[in-house]
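Here's the letter readout for the chains.
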Amino acid sequence: TFNTIKSEQLMCQNKTAIFIFILCMPLLLMGQDNKIDYSNPDNWAALPDKIDNADLVPGNYTTDKQPDSQVDVFFLYPTSFSNKSDIMIWNAAIDDKEVNQDTDERSIKNQASIFNQVGKIYAPRYRQANYAAYFDEDKIRSQQAFDFAYADVVDAFEYYINHYNKGRPFIIASHSQGSTHSMRLIKEYIENTKLAKQLVVAYVVGMPVPASYLNTPPCLSPGQTGCICSWRTYLDKYEPDHVASEEKMISTNPITWDQSSGFSNKKDHKGSVLFDFDKGIYPKIMRAELHGNILWIKKPDIKGKILLQRKNYHIGDFNLFYKDVQENAKLRVDNYLNQNNSSSN
């Protein structure tokens, strides 16, 4: 366990009411002084004993296996809050029905559910930063929004460790804004603590993860444990301008799970889940290769799918490799359990 994070208080100068309002906006609009009660199941998008969208399986080809799992999965979902009103709200309310429904129907259903064949899924709701915070020219204000959201993540993780985990091994899985928070969580609360020994693997997806930022090593083989996988998906031969100037990032091919060069074979792709979740898995449609800090894919052979008609596949970072991630997580969990059973005998 670790000490509860102290609420960060923003000190505003007593000038004009407007100045105070603008500077303190992330606090005042959301009631930032109030901590989230993570003993309340309503403040979790997914819990093992709760009926939620993390229990679903594409095409109903199998059943949820959380009850029998020996490991946990702490999942942090991506941004689903993009308020664009005249008065910008920088952090979502914890009980925003529209935001929560979008989270549940998109990321919990299509991403968190990957892990219901592997572990017990814990996905806390958090007062996520507005999507606009990633592009705001006022870096102090945007950082306040992310810090506010991260404080909830830490509180949720602390509650999870103290009340649910009970010493079990766990996976960290996240996408986009969730990964913004999870890499910080790994650095500040898992690395160099006893929790590091419980980390099976971390899938920190959809955001650049600097290789120099974390001590936890990148995963370089399919069955390696105690390591980090990360990728950002783009169409073959497309590279955003900002990528060329980046430092070295952790980059993983989620089909081969190694550092091999060249495009993977289509036959090795275990399966995508697209917008038609109930239709099930689309196997053997993807080829991928590492291109420096990013992942390139060949356009899949499925026509008429909105998800596939783009250059930036950020929205599909997990979905395009749904079954690949699921099977890989199983392998790493088996290896982790076997290694630890052997060491305890």
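Keep in mind it's a predicted model, so treat the numbers as computed, not measured.

Enquirer: I keep staring at empty space enclosed by the protein and nothing clicks. Help me out?
Expert: Over the atoms, a rolled probe matching the size of one water molecule traces out where space is still vacant. Across all of its chains, the model carries two cavities of 30 Å³ or more by this definition. Considering only enclosed or pocket space, the second largest cavity measures out at about 40 Å³ in volume. Among the residues making up the lining of the second largest cavity, the classes are represented as six nonpolar, three polar and one charged.

Enquirer: So what exactly am I meant to see when it comes to the sheet that holds strand 9 (residues 294-297) here?
Expert: The strands making up a sheet are joined through hydrogen bonds of the backbone, oriented either antiparallel or parallel. Overall, mixed pairing links the three strands, which are arranged 7-9-8 in an open sheet. Looking at the sheet topology across the chains shown, the edges are occupied by strand 7 (233-235) and strand 8 (288-291). On average, each strand axis in the sheet is inclined to that of its neighbour by 40°, with strand direction left out of account. Sheet topology note: the strand 7/strand 9 ladder contains three bridges and is parallel. Paired with Y234 across the bridge in strand 9 is W296.

Enquirer: Mind showing me how you'd approach the layout of surface pockets here?
Expert: Approximately 1400 Å³ is the volume found for the largest pocket. Around the largest pocket, the lining is made up of 48 residues, and of these T79, Y134, S176, M207 and H314 lie nearest the centre. At the level of elements, helix 3 (97-110), helix 4 (139-165), helix 5 (177-190) and strand 7 are the ones that each hand at least two residues to the lining of the largest pocket. The greatest single-element share of the lining of the largest pocket, amounting to seven residues, is contributed by helix 3. Grouping the amino acids of the lining of the largest pocket by side-chain chemistry returns 19 nonpolar, 20 polar and nine charged. When its volume is computed, the second largest pocket comes out at roughly 160 Å³. K65, D68, S69, Q70, V71, Q117, V118, K330, V333, D334 and L337 together form the lining of the second largest pocket. The class makeup of the residues in the lining of the second largest pocket is four nonpolar, three polar and four charged.

Enquirer: Would you explain the pattern of salt bridges in this entry?
Expert: Pairing of side chains with opposite charge becomes possible as their charged atoms draw close. Under the counting rule described, the total for this entry stands at 14 salt bridges. With a shortest N-O distance of 3.5 Å, K323 and E327 are connected by a salt bridge. Linking K323 with E327, this pair stays in helix 6 (residues 322-344), spanning four residues, or about one helical turn. Exposure remark for K323: the relative accessible area of 15% places this residue in the buried category. For E327, a relative accessible area of 26% gives the class partly exposed.

Enquirer: How should unusual backbone geometry be read in this particular structure?
Expert: Apart from glycine, the bulk of residues carry a negative phi angle, and the bulk of peptide bonds sit in the trans form. A positive phi angle is found at S176, which is not glycine, with a value near 55°. Position of S176 among the secondary structure elements: in the loop between strand 4 (170-175) and helix 5.

Enquirer: Hey, could you run me through helix 3 in this one?
Expert: Residues that lie three or four places apart on an α-helix share one face, since the helix turns once every 3.6 residues. Under the 1.5 Å per step criterion, the end-to-end length of helix 3 is 19 Å for 14 residues, consistent within 8% with the ideal 20 Å. Within helix 3, the axis deviates most sharply at D104, by approximately 35°. Along helix 3, the residues that are buried comprise V99, N100, T103, D104, S107, I108, K109 and N110. Sitting at the amino-terminal end of helix 3 is D96, which places a side-chain oxygen 3.1 Å from the backbone nitrogen of E98.

Conventions we followed
Residues numbered from 1 in each chain as written. Predicted model: local features only at pLDDT ≥ 70, side-chain atom pairs only at ≥ 80, totals over all residues. Heavy atoms only, no water. 1 Å grid on protein atoms, 1.4 Å probe; cavity = no way out; pocket = protein on both sides within 12 Å on 5 of 7 lines; lining within 4 Å. Points joined across faces, edges and corners; volume = space filled by probe spheres on them. Nonpolar A, V, L, I, M, F, W, Y, C, P; charged D, E, K, R; others polar. Pairing = 2+ DSSP bridges. Helix = DSSP H or I, 4+ residues; strand = E, 2+ residues; numbered from the N terminus. Axes fitted to C-alpha atoms, helices over the stretch in contact; angles between N-to-C directions. Salt bridge = Lys/Arg side-chain N within 4 Å of Asp/Glu carboxyl O. Buried < 20%, exposed > 50% of the residue type's maximum accessible area, 1.4 Å probe, protein only. Expected span 1.5 Å × (residues − 1). Bend = angle between axes of the 7 residues up to and from the residue. Polar contact = N/O pair within 3.5 Å; in protein donor to acceptor, adjacent residues only side chain to side chain.

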